[in-house]
Structure formats: structure tokens, C-alpha cells
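Each chain, letter by letter, is given below.
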Amino acid sequence: MGRDEEPTLFELSAPGRSAASFRSTGVPEWAASELIPPGWLRDEPTPVAEVSERDLVAHFTRLTHRQYAVDLGAYPLGSCTMKYNPKACDEAAALPGLADVHPAAPAPLTQGWMELLSDLDTILCRITGMHAATLQPAAGAAGELTGLLLMRAWHEDAGRQRRRVLIPDSAHGTNPASVTLGGYEVTQVPSDDRGCVDVAALRERLDEDVAGIMLTNPNTLGLFEEDIVEIARSVHEVGGLLYYDGANLNAILGIVRPGDMGFDIVHMNLHKTFAVPHGGGGPGAGPVAVSERLAPYLPGPRPVRGGPDGAFTWERPARSIGRVHGWHGNALALARAYTYILLNGGDGLQRVAEAAVLNANWLRHRLRGSYDIPYDRPNMHELVASVQGLKKRTGLRAVDVAKRLLEEGFHAPTTYFPLIVDEALMIEPTETESPETVAALGDALERIAREAEAEAEAGPEAGGVPAAQAAPRTTPVGRVDEARAARTLIPTWDARGS
Ligand SMILES: Cc1ncc(COP(=O)(O)O)c(C=O)c1O
């Protein structure tokens, strides 16, 4: 097998090898067949790869060396915010007093955990300008659904049957999905030529059938919705609620608060804003904070100082929508975010936002000469560039730039999103990258554009299509058919079929 190919554990397997040997449990063989109902027993044992510890560690270490990771370099994935996570947060979350506690342990034995959760609730409310929060939702999308269920409960309690929720056309795909799951219909609001919500079009769509609007501010073009106060007033006038998608909260930390902008419900992506590791699908944390009038509907139980001598007890809010998580949320993700917030302090969080915005604006200026910038005005923590002009001149597409960037030692930015920009590159350098790294990213992106222009100038006889269309050529895995991989997903290895 060549160095480029990594065998599966089953291919490395040889009978009798094992990574660790455990003492017998002392449970006799006959007991298993007596205690386990017959229908539950397998006819044949499940195949397990038999590998020595040495081979096992080498296998996984080789695999990690083939990966790009946020610990290796910049990961400018716009909207997803993949920033470096301080190791101190992992260390705090690994403390046995936190990590080894069962979530079902009774309140008198888990006062420390409950205090941490209650403190985090208070801090997140202070950061967002809201009244109370639930820490249960396990990701941003789970927070969105929770928020919509809160919106529904609040309207229904007042006897209002409303059917529609407004969403701008620049919104993240989870927003319309959550609206549908929450039992509402989506009404799209177009953006204006500044890249913000078209307020006139919004007003045309507002009536007493509207339950609310979902917005992120800054929006997914990285632009601050300057008419937010007017938007809030118009939605409130028809009795609707404002939902804040907090995936972009790192842009405004310590500077402006969703509550002060007029939002009623806010979800936060702790795995984006507060440096909780984020990748491979989780685990995340998407707490939802609400204004005072919505607090009675929050999921429960919540930790409150309701016991003797101020001890914490679990309480269910009066009109709670119920649980949205089996336990208290992804607790160790919550502990990491809590540590990150305490490490930074209020002034540190504000500097996080300032650095995120500075890095993204610097990069927008840097890319002006080589890419189209469809909304070329001060942006917040991310910027959206377009490869449309380059594509016309050279054949280069956004996907080619993304793949070619891997050869330059950077992770690809988000591509083809938001949907309202053709050949979009959505780039979020994040606050954790140094000026040198952001400059190197700018240089790499410029080099890719220049290379394509030079190839196009040399003419088709000199090589035809841009070289970037074959990228990445230097990574362990070359260009893959992503659409096919997503449509025919094969996530398991069938040892019996091998
Ligand atoms: C703007 C926005 N909203 C919502 C989400 C959903 O968050 P999650 O991936 O945690 O479900 C994302 C995720 O990237 C996002 O960028």
C-alpha cells in the first residue's frame, strides 16, 4: 500500500491482536443468554477490527496529519465562524468536577454545575440585552426551532393564529427550514441595492398574519442592517416578534446588543462566537435568550436559586414549551464558552468584535483589485467577494478558487452563499488570525486571480482551462465529486462485504 493510501482498521486487522486487554467481568457465559431476551442476541458476533494499540495509534495519527484543522492554520469559512479555540477552555471543561458528573445527579450534589449554568445564562443575557435564557438547544438550528416554538406559544396564548414568518433573501438556509419545522410559512423579503432588508418591501408584506421576522445582524453579506430600529418598529406595530439569528454575534460583542435593537428572541452560537470547537457536526450549543414577556415560555427545567439558603433548584417556567434537549444542553460546550467569556472579560469581548471587523475590512480592501466586491462598503466580521468577473474573463469559478486556496495552505472560504451573490466567496478571517496571516490570505487569493488572468491572456493554445480547475493537487485527496458524495453517502464500512 502506497504512503498516500491509508488502510481501514479492518484491513490492518489480524486475528488475536488487541489494543488493550480487560480483566474478565466475572459474568459467566450462560448468564448472558439467560438475561438477554433471545430475540436481542445476534446469530453471529459483530466483526471488530483486531489491531494492536501501536498500529491503532499510528493509523489515527496518520489520518490527523492528512487533515486541515483550525489548529493548523486559518479557516476563513464565512457564516460558520471557525476560529481558533483557546486550550484553556478545553482544560476547564475537562476538570473532573465538571466532566465526570452525570446529568441526572440530584441538585444537592451538583450545585457547582448549576451555578455555572445560571451564571452563563445571566452573562449571555447581559451580552445580548435580554431577560432570561435557556441553555438547552444543542446548536444554532436547534435554537432557531426553539425560538419559533416560543413565538408560536406566545401568539397562541393570546389567542392569535398567525401563519407567516418573514425572512430576508440573504438568510442562512436553516432559517426557512426552522420556520417550516415550527409550523409557519416563509415569506421572503428582498434585499435592496445596499445589501440590507428592503424596508419598503418589508412593509408591503406586513399584516396581522405575520408572527414575526428572523434576521441576523450583521446579515450574511457581513453588513449591518442600518434600518433595524425602523424594521423593529414596523414588525412590532403588527404584533409580530423579532427573532435574532446570533450566528454573527462576534461582530457586535460589547458594542451593540440585539435587545437594544428591538429583538425579542435571540439565539447564540456558542460554537462560533465563544470559541467552542465546531466541526464535523458538533457538539454545539445554541442557547436562546428572550425578553421579559417571553420568559415564562422558556424550555425547562432551569437552574434558579429557589432552595433553602439560596441553594439552586431546577424549575420549570410557568408556561414552558417543555424540553428541547434530553438533559441540560451540551454541558461541556457550555463550560467551554463560560471559560472563554471569563478569560476575555467584558473589554476583551469588545476587542474580539473590533479585531474581527478590522480583519474583514482589511481583507475587503486588499481584494478590491482582483475580485468583485458586490457591496463595497464598510462590512462587519465577514465580507462577500464574487468571482463573476473573473469567470467571464478567465473561466475561473468560485469552487476553483476555494480548491486552489487549499494548495496555498488555507482552508477554503464558504462558497456560493449567500445565494443572492453569483459565484460568491464568503470570507471570515475571524479575530483570532494575526495581521500577517490575514495578509498572507490576501496574497494567496490575489495570486490565484492573477494566475488565472495570466493563463487567459496566454490564450487557449497555451493550456486552455485555468490550472486552478485541477486543484487541489498537493493535498492527500484531490478534487472530489462533492455533489455525488452528498447524494450517495456511504458512511460505514461493511467488514463482511470486504
Ligand atoms: C447565519 C447562520 N444561522 C444559523 C446557522 C446554524 O447554526 P448551526 O450550524 O449551529 O445549526 C448558521 C450556521 O452556520 C449560520 O451561519
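Look up a bit, the structure's there.
Residues numbered from 1 in each chain as written. Predicted model: local features only at pLDDT ≥ 70, side-chain atom pairs only at ≥ 80, totals over all residues. Heavy atoms only, no water.

### Overview of the overall build of the protein chain
Okay, so step 1: When helices and strands are counted, the protein chain shows 17 helices and 12 strands.
Okay, so step 2: In summary, the protein chain has a C-alpha radius of gyration of 26 Å against a globular reference of 23 Å for 498 residues, a match within 12%.
Okay, so step 3: Per-residue burial over the protein chain gives 47% buried out of 498 residues.
Okay, so step 4: Partitioning the contacts of the protein chain with sequence separation of at least 6, the portion at a separation of at least 24 is 69%.
Okay, so step 5: With an accessible surface of roughly 24100 Å², the protein chain has 54% of that area assigned to carbon and sulfur atoms.
Okay, so step 6: Put simply, the protein chain has 46 plus and 65 minus side-chain charges, and the middle of one group is 1 Å from the middle of the other. (Helix = DSSP H or I, 4+ residues; strand = E, 2+ residues; numbered from the N terminus. Rg over C-alpha atoms; globule rule 2.2 N^0.38 Å. Buried < 20%, exposed > 50% of the residue type's maximum accessible area, 1.4 Å probe, protein only. Contact = heavy atoms within 4.5 Å. Areas by Shrake-Rupley, 256 points an atom, 1.4 Å probe, with all protein chains shown as cover. Lys, Arg positive; Asp, Glu negative; His and termini not counted. Charge placed at Lys NZ, Arg CZ, Asp CG, Glu CD.)

### Looking at the pattern of salt bridges
Okay, so step 1: Evaluated as defined, the whole model comprises 37 salt bridges.
Okay, so step 2: One salt bridge in this structure joins Arg 366 and Glu 446, with 2.8 Å as the shortest N-O distance. You can see Arg 366 sitting in helix H13 (residues 331-367) and its partner Glu 446 sitting in helix H16 (residues 435-458), a full 80 residues away along the chain.
Okay, so step 3: The class for Arg 366 is partly exposed, based on a relative accessible area of 22%.
Okay, so step 4: A relative accessible area of 22% places Glu 446 in the partly exposed class.
Okay, so step 5: Put simply, Arg 473 and Glu 407 hold a salt bridge, and the shortest N to O gap is 2.9 Å. Of this pair, Arg 473 sits in the loop between H16 and helix H17 (482-487) while Glu 407 sits in helix H15 (residues 398-407), and the two are 66 residues apart along the sequence.
Okay, so step 6: Under the relative-accessibility criterion, Arg 473 is labelled partly exposed at 47%.
Okay, so step 7: Taken together, the salt bridges that share partners define one network made up of Arg 404, Glu 407, Glu 408, Arg 447, Glu 451 and Arg 473. (Salt bridge = Lys/Arg side-chain N within 4 Å of Asp/Glu carboxyl O.)

### A look at the nonpolar core
The nonpolar side chains of a soluble globular protein tend to be buried, and buried together.
Okay, so step 1: With 56 residues, the main nonpolar core has Ile 231, Leu 270 and Phe 274 as its most contacted residues.
Okay, so step 2: Put simply, the parts of the chain that give this core at least two residues each are helix H4 (87-93), helix H6 (111-128), helix H9 (199-205), strand E4 (210-215), helix H10 (228-237), strand E5 (241-246), strand E6 (265-268) and H13.
Okay, so step 3: Take this core: its biggest share by element is 11 residues, from H13.
Okay, so step 4: The contact partners of Leu 270, leaving out residues within four places of it in the chain, are Leu 120, Leu 124, Ala 275, Val 276, Ala 285, Pro 287, Leu 334 and Ala 337.
Okay, so step 5: Membership of the second largest hydrophobic core comes to 24 residues, among which are Ala 385, Val 387, Leu 390 and Ala 468. (Core = buried A, V, L, I, M, F, W, Y, C linked by side-chain atoms within 4.5 Å.)

### Remarks on the site of the ligand
Okay, so step 1: In the vicinity of the ligand lie 13 residues, with Ser 79, Gly 140, Asp 245, His 271 and Lys 272 positioned nearest.
Okay, so step 2: One of the backbone nitrogen or oxygen atoms of Gly 140 is found 2.8 Å away from an oxygen atom of the ligand.
Okay, so step 3: Contact with the protein chains covers 89% of the free accessible surface of the ligand, which is 390 Å².
Okay, so step 4: At the level of elements, helix H7 (140-157) and helix H12 (270-273) are the ones that each hand at least two residues to the shell around the ligand.
Okay, so step 5: Considering each element in turn, the shell around the ligand owes the most residues, three residues, to H7.
Okay, so step 6: Looking at the shell around the ligand residue by residue, the class counts come to four nonpolar, six polar and three charged. (Near = heavy atom within 4 Å. Polar contact = N/O pair within 3.5 Å; in protein donor to acceptor, adjacent residues only side chain to side chain. Nonpolar A, V, L, I, M, F, W, Y, C, P; charged D, E, K, R; others polar.)

### Here we look at the sheet that holds E6
Okay, so step 1: Within the open sheet, the seven strands sit side by side as E1-E7-E6-E5-E4-E2-E3. Their pairing is mixed. Only two strands of the sheet have a single neighbouring strand rather than two, namely strand E1 (132-134) and strand E3 (185-189). Averaged over neighbouring strand pairs, the angle between their axes works out to 25° when direction is ignored.
Okay, so step 2: As paired strands, strand E2 (residues 164-168) and E3 are joined by five bridges and run parallel to one another. Considered in E3, the bridge of Pro 168 is made with Val 189. (Pairing = 2+ DSSP bridges. Axes fitted to C-alpha atoms, helices over the stretch in contact; angles between N-to-C directions.)

### Quick word on the sheet that holds strand E11 (residues 414-415)
Okay, so step 1: Read from one edge to the other, the open sheet built from three strands follows the order E10-E12-E11, with strand pairing classed as antiparallel. Both outer strands of the open sheet, strand E10 (383-386) and E11, are each paired with one neighbouring strand and no more.
Okay, so step 2: Relative to strand E12 (residues 424-427), E11 is paired through two bridges, and the arrangement is antiparallel. Along E12, the bridge assignment pairs Thr 415 with Leu 425.
Okay, so step 3: Where H13 meets the sheet, its contacts fall on E10 and E12, and the angle it forms with E10 comes to roughly 15°.

### Some words on the environment of Pro 283
Okay, so step 1: Tracing the sequence through the fold places Pro 283 in the loop between H12 and strand E7 (288-290).
Okay, so step 2: Considering only alpha carbons, one finds Pro 283 and Ala 139, 144 residues apart in sequence, at a separation of 7.5 Å.
Okay, so step 3: Apart from residues lying up to four places away in sequence, Pro 283 is in contact with Val 276, Pro 277, Asn 330 and Ala 333.

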